[in-house]
Amino acid sequence: MNVMTSATSLTTQDIQTLDSAHFIHPFTDHGDLATRGARIITRGEGLYIWDSEGEKIFDAMSGLWCVNVGYGRKALAEAAYQQMMTLPFYNSFFQTTNVPAVQLAARLAALAPKVDGRSFEHVFYSSSGSESNDSNVRMVRRYWDLLGQPQRKVIISRHNAYHGSTMAGASLGGMSGMHAQGDLPIPNITHIEQPYFYELGRAGESAEEFGLRAAGWLEEKILAVGPDKVAAFIAEPIQGAGGVIIPPASYWPEIQRIVDKYGILLISDEVICAFGRLGHWFAYERFGYKPDLVTFAKAVTSGYIPLGGVMVGDRVAKVLIEKGGEFNHGYTYSGHPVACAVALANLDLMEREQLPQRVRGEMGDYLAKRYAELNDHPLVGQTETCGFVAGLVLVKNKQTRERFPAEVDVGMVCRGHCFRHGLIMRAVGDRMIIAPPLTMTHADIDELLRLIRQALDLTLQELTQKGLV
Ligand code: PXG
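**Examining the packing of aromatic side chains**
Note on aromatic pairs: each is described by the distance of the centres and the angle between the planes. Inspection of the entire model under this criterion finds 15 aromatic pairs. Relative to Tyr 289, the ring of Trp 252 lies with its centre 3.8 Å away and its plane at 15 degrees, an arrangement referred to as stacked. Of this pair, Trp 252 sits in helix 11 (residues 251-262) while Tyr 289 sits in the loop between helix 12 (284-287) and strand 11 (293-296), placing them 37 residues apart in sequence. For Tyr 289, a relative accessible area of 0% gives the class buried. Through a chain of ring-to-ring contacts, the aromatic side chains of Phe 120, Phe 275, Phe 282, Tyr 284 and Phe 296 assemble into a single cluster. Arg 152 extends its terminal NZ or CZ atom over the ring of Trp 144, reaching a point 4.3 Å from the ring centre. A cation over an aromatic ring shows up here: Arg 415 above the ring of Phe 419, its NZ or CZ 5.0 Å from the ring centre.

Here it is, written out as structure tokens:
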């Protein structure tokens, strides 16, 4: 098939050849990619994307956890066009500002729920989740310096967390594959174990008991490091890239108790979980904790244009602003007017269509109910949903919870069947996960579940043929 570009028409193979010759992709084995050729995604509409061969694909990952309002929304394109014609760019460094950046900051401050009188009145902008977490490290260290406690440098994170791919982001993250490349983590970042009950729960232990035990690892680490050296704890409300790991209900309140006890800052990395994904504008509301800093990116613009940032809570903002003088940190695109204008249009759309409310209510409940039905499948060890994220674990034996050996790469087997049959679902080890657009209807959820079950059946068929189950 020919793919029209502005200048010429190219075949799928032409583009694959150019791709392979010139484009270094993120997190990709290029030797492998060259042998098969990248799939070329050419357009999107609603919940669906199309490839250069004309195949229609249900995008149950919303691009990469971001296209929360679905593809093809004119209001976002129009907002970008209008802003580009009015003021495509101006910096906010030298005591200048721009209207969309100010409006968005005020809007985000109003959307962020107050907990126990603590509020978020300030926003620091970047263009991605990774940059935002770098900014968090800078702000946290500056905060403690200004309070006369410069020895408080250590940030505690968790294994299998994902906080981005810059030096600080990859260090904060707990991905061993990333740490293995380039001498990471950087100093003064340390990790505790993740709250993954299915894998780490003990026989006879309830989820609630496990949640308390898992939160206790934070206190143990604080004591091991020395409470006067710990600056902050960073965590995703639900681990996304780690495989949709949903902590037991007891986990977050206990984390809050511990960070309060030692006075350390709490960073909620909501790059995936904010903007309706879990049924709230910000996810800390769902779990009832009180972060000092909240990282956001992705769905603030539904991924239509890059924008990220940090919601800076009063505790930190007051010190930075009142005691700080100049904070020597910022990006060319901090408060980019076009990105902020698109974010405003995106929030308008989400509000008008009541997307967080839908996810928190009827549609989230329906997805949970339909997803739970997958538990009857021979390959499915356990399913879990929270709002519009869901995960399931593929197991060799449901009763004994025996997992597949790593070399079977069962997630990739399943992902292959999804890919070949019009469904984007992400594999993380032996976990299959989704984060679909928040606009799904009942009929869309039914169709999604039909596609997932089909992929599971095909996976079982392949594993059976190969004598692996
Ligand atoms: N924090 C969290 C919680 C994220 O999920 C980032 C930070 C970094 O954001 P940027 O915009 O710098 O990419 C993320 C990004 C995956 C996958 O495979 C997930 C992300 C990025 C790439 C792949 O699930 N999340």
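Picking up where we left off.
**Notes on the nonpolar core**
Across soluble globular proteins, nonpolar side chains have a tendency to be buried as a group. Ranked by size, the top nonpolar core spans 116 residues in total, and within it Phe 233, Phe 275 and Phe 282 carry the most contacts. No other element matches the 10 residues that helix 14 (residues 337-352) contributes to this core. In terms of domain composition, this core takes at least three residues from each of domain 1 (39-69 + 356-465) and domain 2 (78-352). The residues touching Phe 275, leaving out its near neighbours within four places in the chain, are Asn 68, Leu 108, His 280, Trp 281, Phe 282, Phe 296, Ala 297, Ala 299, Val 300, Leu 347, Met 350 and Leu 438. In terms of nonpolar packing, the next biggest core, distinct from the first, is built from 23 residues, Met 139, Ala 317, Val 319 and Leu 320 among them.

About the thresholds
Residues numbered from 1 in each chain as written. Predicted model: local features only at pLDDT ≥ 70, side-chain atom pairs only at ≥ 80, totals over all residues. Heavy atoms only, no water. Phe/Tyr/Trp six-rings, centres within 6.5 Å; stacked < 30°, edge-to-face > 60°. Helix = DSSP H or I, 4+ residues; strand = E, 2+ residues; numbered from the N terminus. Buried < 20%, exposed > 50% of the residue type's maximum accessible area, 1.4 Å probe, protein only. Lys NZ or Arg CZ within 6 Å of the ring centre and 35° of its normal. Core = buried A, V, L, I, M, F, W, Y, C linked by side-chain atoms within 4.5 Å. Domains from an automatic or database assignment. Contact = heavy atoms within 4.5 Å.

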